[in-house]
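So the chains spell out like this:
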Amino acid sequence: MAEMTEMKRKCLETLELPPDATMLEIKTAYQHLKDLYTKGSIAILPIEDEYPEEAKEEIVRKIDEAYKWLTLNYQKTGDAGESGSRGGASRASGAVREEVSQIEEFDGPALRRVREILGIELGEVEFSTKISLQHIKNIEEGNYRALPEEVFVKGYIASYAKCLGLDGPKVVEHYLKRYRNGR
Amino acid sequence: MTDKVEDKKCPEIWAVGGGKGGTGKSFFSSSTALCLAETGKRVIVVDADLGGANIHSFLGLKRPRVTLSDFFEKKVPLSDLQVSTGFDNLSLISGDLQSIESDSIKYTQKLKLFRHLRTLDADFVVMDLGAGSHNNTIDSFINADRMLVVTVPAVTALENLYQFIKNVYFRKLKAAFAKKGLKDRVIETWRNRELHGLSNLRDLVEHLRKTSEAMDDVLQSEVDDFRLQIVVNQVKSSTDIHLGASIRSVVRKYLGLNAEYTGYIRYDEYILRCLNNGTPFVRTYGYSRSAKEIETLTRNIINDRQVREVI
């Protein structure tokens, strides 16, 4: 089992993640690195010409391998981790999945809970969805009267759900039902 | 914040560099110093941007009369150069050198400066190094306890940043070999890089490691010791926030060095307004998101934490 743990640590290191990274973090980091080294970025541009193309291919290959190993073995190593002490990784990844799957109705507080479980700041939601901070708060608190017309709210909820990695149409449907009743 | 350095007698020295000018090194240095001071830590901000010192402006102060040139030329003790900033727990040592050229400071003088900085009665010394990749800047950077780089989401800034990091590492390698009596080994190897088939820093390090088993150990410990903390300033979108992670990755995977993405500060036009009004931004607009981000960032530095975002 020690070998498994060591392999896991190495793979997480390749994806530039801490030892207690959650499965969601693994997925996000993988996607980010993969894009970085296959699509290019201003972060690579100034240094690229010093390194041969093979260097980049090698990096991508290692990232792919690490991700593949982690997706296949993550759960196993998580459970096998520090026995008794409830390892952070297994707890966090399990918790995310469990909590989200238990939510039946996506109202404001439910969205906030998902956001908090994922460790996403309000400011980051604002950045990626372009919804104003006040409206994100209104959405989470269910201040339906403070929110704009339905057509806008529909767009807000769809992008917020996307930002949290949730099933967009389902969340929109749940939320708008409450919104209409609450107005 | 944790009291990691409480039991230590000498202050922890932070060096703030990054190559390009105008990325916000002085703004960040003064702001993070104010954040530290607010938590009750005794902080001295040292404006080591010899020749271009302007931290005093960020603190709303006039150009101090006593500066590091008094230390270098007249042997005035550093503690006498500390000027009060008007903010609790925070004093300033200005680096403005009017009479002598900043490049003329000898290596021994720099070492002396560091020796004396460590005797100052404070918890933290935050050194703003200014732009450029001169040996002067680089040596100060290497000697510090924490190496912080500030950059902005612009390809030019990143170009200079990587150059700066490479220079820092190159100089560290040279010093490591010099200690073993192989003073010119690094530079000679690099000069003959075509012969050795080396095209970048990573190749060089790998080549040097093969010199001998002893050197392999020395280089391993050099690599292990080396730790950069990256700050991305003036972010305007989530793409910009993610750029910090990309830079970290490039430094790790291409340069083979240990880097951490410590934090970001979003662009706020009030930062410039505050500067021009002579009021420190983090105190005037303490509730703004940029100010909160600087607080988080300062905590991350002390606790060796990184930006951990999931979008």
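Note that the coordinates shown come from a computational prediction; the quantities given were computed from them, not determined experimentally.

What counts, and where the lines are drawn
Think of each chain on its own: its residues are numbered from 1, step by step along the sequence as written. Ligands are numbered from 1 and chains lettered from A, in the order in which they are written. Local features in a predicted model are, by the rule used here, given only for residues with pLDDT of at least 70; side-chain atom pairs are given and counted only at 80 or more, and totals for whole chains, interfaces and linings are based on all residues. Strands are runs of DSSP state E lasting at least two residues, helices are runs of H or I lasting at least four, and both sets are numbered from the N terminus onward. We compute the radius of gyration over the C-alpha atoms and compare it with the globule rule, which gives 2.2 Å times the number of residues raised to the power 0.38. Throughout, a pair of residues is in contact if the C-beta atoms placed from their backbones lie within 7 Å. Burial is judged by counting other C-beta atoms within 10 Å of a residue's own C-beta: 20 or more means buried, 12 or fewer means exposed, and anything between counts as partly exposed, with every C-beta placed from the backbone. Charged means Asp, Glu, Lys or Arg here, nonpolar means Ala, Val, Leu, Ile, Met, Phe, Trp, Tyr, Cys or Pro, and polar covers whatever is left, Gly included. Only buried Ala, Val, Leu, Ile, Met, Phe, Trp, Tyr and Cys residues enter a nonpolar core, and they are joined through C-beta atoms within 7 Å. Should DSSP find at least two bridges between two strands, the strands are regarded as paired. To get an axis, fit a line to the C-alpha atoms, keeping to the stretch in contact for a helix; angles then go from 0 to 180 degrees between the N-to-C directions. pLDDT measures how confident the predictor is about each residue, on a scale from 0 to 100. Here the expected span of a helix is defined as 1.5 Å times the quantity of residues minus one. Should an angle lie under 35 degrees it is considered roughly parallel, over 145 roughly antiparallel, and from 65 to 115 roughly perpendicular; all remaining angles are considered oblique. With the far helix as reference, a near helix turned anticlockwise by less than a right angle produces a left-handed crossing, and one turned clockwise produces a right-handed crossing. Think of it like this: strands point away, you trace from the first strand over the helix to the second, and a clockwise trace means the crossover is right-handed.

*Asks:* Go over the overall build of chain B, please, and point to the residues and values.
*Replies:* The number of helices and strands found in chain B is 14 helices and eight strands. In terms of overall dimensions, chain B is globule-like: its C-alpha atoms have a radius of gyration of 19 Å, near the 19 Å expected for 311 residues. Each principal axis of the C-alpha distribution contributes one length, and for chain B these read about 55 × 55 × 35 Å. In chain B, the share of contacts with a sequence separation of at least 24, taken over all contacts with a separation of at least 6, comes to 75%.

*Asks:* Got a sec to walk through the overall build of chain A? Specific residues and values, please.
*Replies:* Helices and strands together make up the secondary structure of chain A, namely nine helices and zero strands. Across chain A, helices and strands are ordered from the amino to the carboxyl terminus as α-α-α-α-α-α-α-α-α. Relative to its full complement of 183 residues, chain A shows a buried share of 34%. When contacts within chain A are restricted to residue pairs at least 6 apart in sequence, those whose partners lie at least 24 apart make up 57%.

*Asks:* Describe the interface of chain B and chain A, and please don't skip the residues or the numbers.
*Replies:* Every contact between the two is made by 25 residues of chain B and, on the other side, 25 residues of chain A. Contributions of two or more residues to the side of chain B that touches chain A are made by helix 6 (155–179) and helix 11 (238–253) of chain B. For the side of chain B that touches chain A, the element with the highest residue contribution is helix 11 of chain B, accounting for twelve residues. Of the residues assigned to the side of chain B that touches chain A, the class counts are eleven nonpolar, seven polar and seven charged.

*Asks:* Break down the nonpolar core for me, with residues and values.
*Replies:* One finds Leu 15 of chain A together with Val 125 and Met 127 of chain B to be the most contacted residues of the largest nonpolar core, which totals 110 residues. Top element by residues in this core is helix 6 of chain B. It accounts for ten residues. Apart from residues no more than four positions distant in its own chain, Val 125 of chain B is found in contact with Pro 11, Ile 13, Trp 14, Ile 44, Val 46, Leu 117 and Leu 120 of chain B. Within the second largest apolar cluster, 20 residues are counted, among which are Phe 106, Ile 131, Val 171 and Tyr 179 of chain A.

*Asks:* Describe in detail unusual backbone geometry, supporting the description with residues and values.
*Replies:* Residues and elements named next belong to chain B. The phi dihedral of Lys 75 is positive, around 60°, even though this residue is not glycine. Locating Lys 75 in the fold gives a position in the loop between helix 3 (68–74) and strand 3 (83–84). Phi angles above zero are rare outside glycine, and Asp 304 is one such case at about 55°. Among the structural elements, Asp 304 can be located in the segment after helix 14 (289–302). For Asp 304, a count of 13 C-beta atoms within 10 Å translates into the label partly exposed.

*Asks:* Summarise the sheet that holds strand 5 (residues 124–128) of chain B; cite the residues concerned and give the values.
*Replies:* Residues and elements named next belong to chain B. With mixed pairing, eight strands are arranged side by side in an open sheet as 3-4-2-5-1-6-7-8. Each edge of the open sheet carries a strand with a single partner, namely strand 3 and strand 8 (258–266). On top of the sheet, helix 1 (residues 25–38) reaches strand 1 (12–17), strand 2 (43–47), strand 4 (90–93), strand 5, strand 6 (146–151) and strand 7 (227–235); it is set at about 170° to strand 5, its chief contact. In the packing of helix 5 (residues 135–143) onto the sheet, the strands contacted are strand 1, strand 5 and strand 6, and the crossing angle to strand 1 comes to about 145°.

*Asks:* Give me the environment of Leu 201 of chain B: which residues, what numbers.
*Replies:* Among the secondary structure elements, Leu 201 of chain B is positioned in helix 9 (residues 201–209). Excluding residues within four positions of it along the chain, Leu 201 of chain B makes contact with Lys 166, Tyr 169 and Leu 255 of chain B.

*Asks:* Tell me about the confidence of the model for chain A, residues and numbers included.
*Replies:* Keep in mind that low pLDDT regions are not for reading the predicted coordinates in detail. Averaged over all residues, the pLDDT of chain A is 82; the fraction at 70 or higher stands at 86%. Per-residue pLDDT, averaged within each element of chain A, yields its smallest value for helix 4 (residues 88–102) of chain A (55) and its largest for helix 7 (residues 133–141) of chain A (93).

*Asks:* Please give an account of helix 1 of chain B that cites residues and values.
*Replies:* Residue and element names in this part refer to chain B. The end-to-end C-alpha separation of helix 1 is 20 Å, in line with the 20 Å expected for 14 residues at 1.5 Å each. Counting buried residues in helix 1 gives 13 out of 14 residues, a clear majority hidden from the surface. Positive phi shows up at Gly 40, right after helix 1, with a value of about 100°.

*Asks:* For the pairing of strand 1 of chain B, give the residues involved together with the corresponding values.
*Replies:* Residues and elements named next belong to chain B. Taking burial as the measure, the six residues of strand 1 include five buried ones, the bulk of the element. For strand 1 and strand 5, the ladder comprises five bridges, and the chain directions are parallel. Counted as the bridge partner of Trp 14 is Val 126 from strand 5.

*Asks:* Which residues make up the packing of helix 2 (residues 23–39) of chain A against helix 11 of chain B, and what values do they have?
*Replies:* Interaxial distance between helix 2 of chain A and helix 11 of chain B falls to 11 Å at its minimum, and their mutual angle equals 70°. When the axes of helix 2 of chain A and helix 11 of chain B are compared, the pair comes out roughly perpendicular. At the point where helix 2 of chain A passes helix 11 of chain B, the crossing takes the right-handed sense. Touching His 32, Leu 33 and Leu 36 of chain A of helix 2 of chain A are His 242, Ala 245, Ser 246 and Ser 249 of chain B, all from helix 11 of chain B. Residue classes in the contact of helix 2 of chain A with helix 11 of chain B are distributed as three nonpolar, four polar and no charged.

*Asks:* Summarise the pairing of strand 7 of chain B; cite the residues concerned and give the values.
*Replies:* Residue and element names in this part refer to chain B. Counting buried residues in strand 7 gives eight out of nine residues, a clear majority hidden from the surface. Here strand 6 pairs with strand 7 via five bridges, running parallel. From the neighbouring strand, Val 150 faces strand 7, where its bridge partner is Val 231. Pairing analysis gives seven bridges linking strand 7 to strand 8, with the strands arranged parallel. In the sheet register, Val 235 faces strand 8, and the bridge partner there is Arg 266. A crossover links strand 7 with its parallel partner strand 8, the connecting element being helix 11, and its sense is right-handed.

*Asks:* Please provide a residue-by-residue account of the environment of Lys 292 of chain B, values included.
*Replies:* Looking at the element boundaries, Lys 292 of chain B is found in helix 14. In the structure, Lys 292 of chain B is positioned 185 residues away from Tyr 107 of chain B in sequence and 39 Å away in space, judged by C-alpha atoms.

*Asks:* Residues and numbers for the confidence of the model for chain B, please.
*Replies:* All names here are of chain B. Summing up the model confidence of chain B, the mean pLDDT is 88 and the portion of residues at 70 or higher is 94%. For the stretch residues 1–5, pLDDT sits under 50, and the model shows eight contacts to residues farther than four places along the chain or on other chains. Predicted complex, confidence summary: ipTM 0.83, pTM 0.76.

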